Each structure stands twice: as structure tokens, then as C-alpha cells.
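Structural features, examined
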Amino acid sequence: AAAAAAAATASSLARGSVLRTRAAQRWLSKQEVLELLDRHEALGFSVSESAPRTPPASGSLLLYSRFQTRRWRKDGYRWASASDRHVNIKVNGVPTICVTYSRRADDEHFHRRSYRYLDADRGDLVLVHYLGGRDVRSSSAASSSCSSSSSCS
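In this report, we go over the structure that sits alongside the text. (Residues numbered from 1 in each chain as written. Predicted model: local features only at pLDDT ≥ 70, side-chain atom pairs only at ≥ 80, totals over all residues. Heavy atoms only, no water.)

1. What to know about the overall build of the protein
The line we're drawing: The way it works is that DSSP assigns letters per residue, a run of H or I at least four long becomes a helix, a run of E at least two long becomes a strand, and they are numbered from the N terminus. Only protein chains enter the area calculation, which uses a 1.4 Å probe; residues under 20% of their type maximum are buried, those over 50% are exposed, and those in between are partly exposed. Note on definitions: a residue-residue contact is assigned when non-hydrogen atoms from the two residues lie within 4.5 Å.
If you tally the helices and strands in the protein, you get 3 helices and 7 strands. Taken from the N to the C terminus, the helices and strands of the protein come in the order α-α-β-β-β-β-β-β-α-β. The buried share of the protein, taken over its 153 residues, is 43%. Restricting the contact set of the protein to residue pairs at least 6 apart, pairs at least 24 apart contribute 57%.

2. Description of the pairing of strand β5 (residues 107–117)
Consecutive residues of a regular strand have side chains that alternate between opposite faces of the sheet. Note the threshold: In short, DSSP must find at least two bridges between two strands for them to pair.
One ladder, built from 8 bridges, connects strand β4 (residues 94–104) with β5; its direction is antiparallel. Among the inter-strand pairings, V99 is bridged to a residue of β5, identified as Y115. In this structure, the hairpin formed by β4 and β5 is closed by a connection of 2 residues.

3. Topic: the packing of aromatic side chains
The condition is simple: Classification of ring pairs rests on two measures: the distance between centres of Phe, Tyr or Trp rings, Trp counted by its six-membered ring, which must be within 6.5 Å, and the angle between planes, read as stacked under 30 degrees, edge-to-face over 60 and tilted in between. Any Lys NZ or Arg CZ found within 6 Å of a ring centre and within 35 degrees of that ring's normal is scored as a charge over the ring.
Enumeration according to the criterion identifies 7 aromatic pairs in this entry. Between W79 and F110, the aromatic rings sit 6.2 Å apart at their centres with planes inclined by 25°, giving stacked as the arrangement. With W79 in the loop between β2 (61–65) and β3 (85–91) and F110 in strand β5, this pair connects stretches of sequence that are 31 residues apart. For F110, a relative accessible area of 6% translates into the label buried. Geometrically, the ring pair formed by W79 and Y130 is tilted, given 6.3 Å between the ring centres and 35° between the ring planes. Of this pair, W79 sits in the loop between β2 and β3 while Y130 sits in strand β6 (residues 125–132), placing them 51 residues apart in sequence. What links up through ring pairs into an aromatic cluster is the set Y77, W79, F110 and Y130. Just above the ring of F110 sits the side chain of R104; from NZ or CZ to the centre is 5.4 Å.

4. What about the nonpolar core?
Spelled out, the test is: In these notes, a set of buried Ala, Val, Leu, Ile, Met, Phe, Trp, Tyr and Cys residues joined through side-chain atoms within 4.5 Å is what counts as a nonpolar core.
If you look at the biggest cluster of nonpolar residues, it comprises 23 residues, and the most contacted ones within it are V33, L36, L37, L61, Y115 and L127. Among the elements of the structure, α1 (2–25), α2 (30–39), β2, β3, β4, β5 and β6 are those that each provide at least two residues to this core. Among all residues touching L36, those that are not within four sequence positions of it are L19, L28, L43, F45, L61 and L127. With 9 residues, the next largest nonpolar core counts L62, Y64, F110 and Y130 among its residues.

5. Some points on the side chain of S60
We count it as follows: Pairing of N or O atoms within 3.5 Å defines a polar contact, subject to two protein rules: one partner must be a possible hydrogen donor and the other a possible acceptor, and residues neighboring in sequence count only if both atoms are side-chain atoms.
By the element assignment, S60 lies in the loop between β1 (47–48) and β2. In terms of polar contacts, S60 uses its side chain to reach the backbone carbonyl oxygen of A57, at 2.7 Å. Once residues within four sequence positions are removed from consideration, S60 is found in contact with V128, H129 and Y130.

6. A word on the pattern of salt bridges
Put simply, the rule reads: Take a side-chain nitrogen of Lys or Arg and a carboxyl oxygen of Asp or Glu: if they are within 4 Å of each other, that pair is a salt bridge.
The tally for this structure, following the rule as stated, stands at 7 salt bridges. For R122, the salt bridge goes to D38, with nearest N and O atoms at 3.5 Å. Pair noted here: R122 is in the loop between β5 and β6 and D38 is in helix α2, with a separation of 84 residues, a long-range link. The class of R122 is partly exposed, set by a relative accessible area of 43%. For R112, the salt bridge identified is with D75, shortest N-O distance 3.0 Å. On the criterion of sequence distance, the pair formed by R112 in strand β5 and D75 in the loop between β2 and β3 is long-range, its members being 37 residues apart. Of the two residues examined, R112 and D75, each falls in the buried class. Beyond isolated ion pairs, a larger network of salt bridges with shared partners links R15, E35 and R39.

Shown next, in the form of C-alpha cells:
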């Protein structure tokens, strides 16, 4: 039993490593976002208790509790105020995740996406993904799966 548990833990940590690698190359899919929000501890991700001390690099994935870390948006970057866009993503036809898109004020190729469950009963976690550069592919999660552009505050 202990060997099976150790193998499952190793498998989950390996999956977490795969997700980190993917996050450095492209936007995560909605399935990957759900997986991180639901299984972050098993995947080797911890919840940050404060905003980053230095601006996160492209490919960074950070998790925050919306209610414990209210200033998570104070990440050291200037974001274009008109660039914020909120979209609800559907899972099985039901609006499930709110994604907020932001673009850096001084670099149009650097973006931040934050994801959270619309249903407060699913938790208060926010997954923040930074990605930028001319070589980054724009794909998946919100670009192909958006259902509406309604606000999700």
C-alpha cells in the first residue's frame, strides 16, 4: 500500500512538472487549469501568501487565496488599464471559470491570465499565469473555450 501511494505521489509530481513546462511554452488548456485548481497540492504547487517580491517571469504559475492575499495583482508590472477583459469559460455547458486577461502597459507581447472558479463553494483560489514574447503560441484555455464576455468579479 505504501509503495502504491509513493508511486501515485511521484506520478502527480511528474504531472506538475509537465504542467510547469507547458506553462513556459503556451497558455494552459481549460482542463489543465481545472486540474491545477483542483489538485494543486498533489501536483506540487503551493498557495502563495503574499504578492511576488520581484516581477514573475514568463511561464510563471502562481496560486493565491483571493481572500488572504488581496494584493496579488501588485506583481511589479504596470498593466494597461484598458486591456483587462473578463470572460467566463464553460465546462460541460456550464460557466465554471472566470478568466481575466491583462496586457503589460510597456510590452504588448507580455500577458497575465488569472483563473478562478465562479462558484465560491469550489474555493477561493486564483491561478495566475504569466506569458510573453513574440515566439509564444496563443492557444487553448480561454482563446478557444470562451462562452461570454460578461464580467466575473
